[in-house]
Every structure is written in C-alpha cells, then in structure tokens.
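# Tertiary structure, described
Okay, here's what each chain looks like letter by letter:
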Amino acid sequence: MVYIKAFVISFLFIVGGLNQTPQGVKIGGTAPDFNLKNIDGKMVSLNTNKSAKGYIIVFTCNTCPYSDMYEDRVIALHRKYAAMGYPVIAIQPNNPKISTGDSYSKMKERANDKEFPFAYLIDTDSQETTAAYGATNTPQVYVLNKERQEFRVAYIGAIDNNSRNPESATKRYVESAVDALLNGLSVETNSTKAIGCTIK
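All of the points below concern the structure found in this document. In this text, all values refer to a predicted model and were calculated from it rather than measured experimentally. (Residues numbered from 1 in each chain as written. Predicted model: local features only at pLDDT ≥ 70, side-chain atom pairs only at ≥ 80, totals over all residues. Heavy atoms only, no water.)

## Observations concerning the nonpolar core
The tendency in soluble globular proteins is for nonpolar side chains to be buried as a group. Keep this limit in mind: Joining through side-chain atoms within 4.5 Å is the link that ties buried Ala, Val, Leu, Ile, Met, Phe, Trp, Tyr and Cys residues into a set, and such a set is a nonpolar core. Any residue under 20% of the maximum accessible area for its type is buried, any over 50% is exposed, and the rest in between are partly exposed; the area is computed with a 1.4 Å probe on protein chains only. Labels follow the DSSP assignment, with helices taken as runs of H or I lasting at least four residues and strands as runs of E lasting at least two, numbered in each case from the N terminus. Contact between two residues is taken to exist if any of their heavy atoms lie within 4.5 Å; hydrogens are not considered.
One finds Ile56, Val143 and Val174 to be the most contacted residues of the largest nonpolar core, which totals 31 residues. Secondary structure elements with two or more residues in this core: strand 3 (54-59), helix 2 (65-81), strand 4 (88-92), helix 3 (104-114), strand 5 (119-122), strand 7 (140-147), strand 8 (150-157) and helix 5 (173-182). With six residues, the top contributor of residues to this core is helix 5. If we skip the residues at most four places from it in the chain, Val143 touches Tyr55, Arg152, Val153, Ala154, Tyr155, Val174, Ala177, Val178 and Leu181. In terms of nonpolar packing, the next biggest core, distinct from the first, is built from 22 residues, Phe59, Phe151, Val153 and Ile199 among them.

## Some words on the state of the cysteines
To keep it simple, the criterion reads: Two cysteine sulfurs form a disulfide in these notes if their separation is within 2.5 Å.
Considering all chains together, one arrives at one disulfide under this definition. Note that Cys64 is cross-linked by a disulfide to Cys197, the S-S spacing being 2.2 Å. Its S-S torsion of approximately 85° makes the covalent link between Cys64 and Cys197 right-handed. Taken together, the residues span a long stretch of sequence, with Cys64 in the loop between strand 3 and helix 2 and Cys197 in strand 9 (residues 197-198) at a distance of 133 residues. Taken as a pair, Cys64 and Cys197 share a single burial class, namely buried. Cys61 forms no disulfide, and the closest cysteine sulfur to it belongs to Cys64, at a distance of 5.1 Å.

## Some details on the sheet that holds strand 4
Strand pairing within a sheet occurs via backbone hydrogen bonds; the two strands may be parallel or antiparallel. Just so we agree on the cut-off: Only when DSSP finds a minimum of two bridges between them are two strands counted as paired. To define axes, lines are fitted to C-alpha atoms, for helices over the stretch in contact only, and angles between the resulting N-to-C directions are given on a 0 to 180 degree scale.
The sheet built from seven strands is open, its strands ordered 2-1-5-4-3-7-8 with mixed pairing. The strands lining the two open edges of the sheet, one partner per strand, are strand 2 (43-44) and strand 8. Along the sheet, helix 3 makes contact with strand 1 (36-38), strand 4 and strand 5, crossing strand 5 at roughly 165°. Contacts from helix 5 reach strand 3, strand 7 and strand 8 within the one sheet, and its direction differs from that of strand 7 by about 5°.

## Description of the environment of Ser186
Structurally, Ser186 can be placed in the loop between helix 5 and strand 9. Overall, Ser186 belongs to the exposed group, its relative accessible area being 66%. Put simply, Ser186 and Ala154 are 32 residues apart on the chain and 8.4 Å apart in space, counted from C-alpha to C-alpha.

## Describing the pairing of strand 8
Counted residue by residue, strand 8 has six buried out of eight residues, so it is predominantly covered. In textbook terms, the turn of a hairpin is the stretch between consecutive antiparallel strands, and for strand 7 and strand 8 this stretch comprises two residues, one of which, Arg148, has a positive phi near 60°.

This is the structure:
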C-alpha cells in the first residue's frame, strides 16, 4: 500500500510539473526592465532611449554557430528599424565563466570586428534578465512595443524560418511583427520556436 501511495504521489508530481507554465514573459505581458553594461561601458535600460517606440531584443552570443549565421541579419534589422523607433538591443546571456568565448572582452572584440551599430549588453553572472524573459536559446528575439509608459511583448521566437540561408527564408517573423506594429496592426504570428544553441 505504501508503494502504491508513493507511486501515485510521484505520478501526480510529474503530471503537475508538465502542466506548469514556463517562466518568463508572455505575449501581451509587460517586458521586464534591466540595467546592463554595454560594450562601451555605459549602462543601458529600456528607458535609456526616450524616443523608442519599441525594441527588438535579441539574446545572442559570440560562440553559437546559429548566432553567427544570423549576425548580419540582426545588423540589417537595426539599420532598417532603428530610425523608425524600433532599435535592436543585443544581450549576451551566457555565463562567461562557463563559456569563456562570451566574456566581456571577447564581446567587445566581436562588436568591433563586425561594427555592431546597436547596443551589445552582457547579462550579470546571475543571468537575471535572461531568466526574467525566459530566454532559452541563442539567438532568440523579443519584439517589444511601447504602450503608454510600458513596453509590452508583441513577439517571441526566431528571426525567420531559414537559419542557414537568408535568401531562402519564406517567413521573416521579426520584420512582419515590426511592420505590423508600425502600421497599428496586431501581430499575426506572435510566437515561433527559436532554433539555436542552449543558453549556458
């Protein structure tokens, strides 16, 4: 009888765990603010840019091959949308003690080599911002839209549907999301699966 009771408790625990809501922000939810160090040594938050209508937040890093494949596309997104009020903010979420190629000094080298036109921030050792957003992969994008005085999450997921060849992408999720917001429309596809490397 004791064994049966223990099995039932274990089963309920597993089922309950499967039904738990994952941590992190949800579509329509308020985006957590942060205050993280940029590669220029300055601290950046969601309120640093007073004229921003929203942001394209990209969790990315130096060492992930998928981040590398998408790097030029992230630069292009900033160049296209920053002037329209939706700049890119890139956040490096990996713990540099585990992933040494993602150290602050390596971030600065990478940004200088690629001439990043956007902020490239390092999350703290506790990775609080990464956890607050619920990011699990690099690259992973959160499109934010300013509504009154809050930034709300309008899209979460991949940049497009072809990591290896941008010319072959048939769905450009981030562009579609920002274009919809610029035109006062709802985002049709507001969530996709982010394909990339697991955050360390």
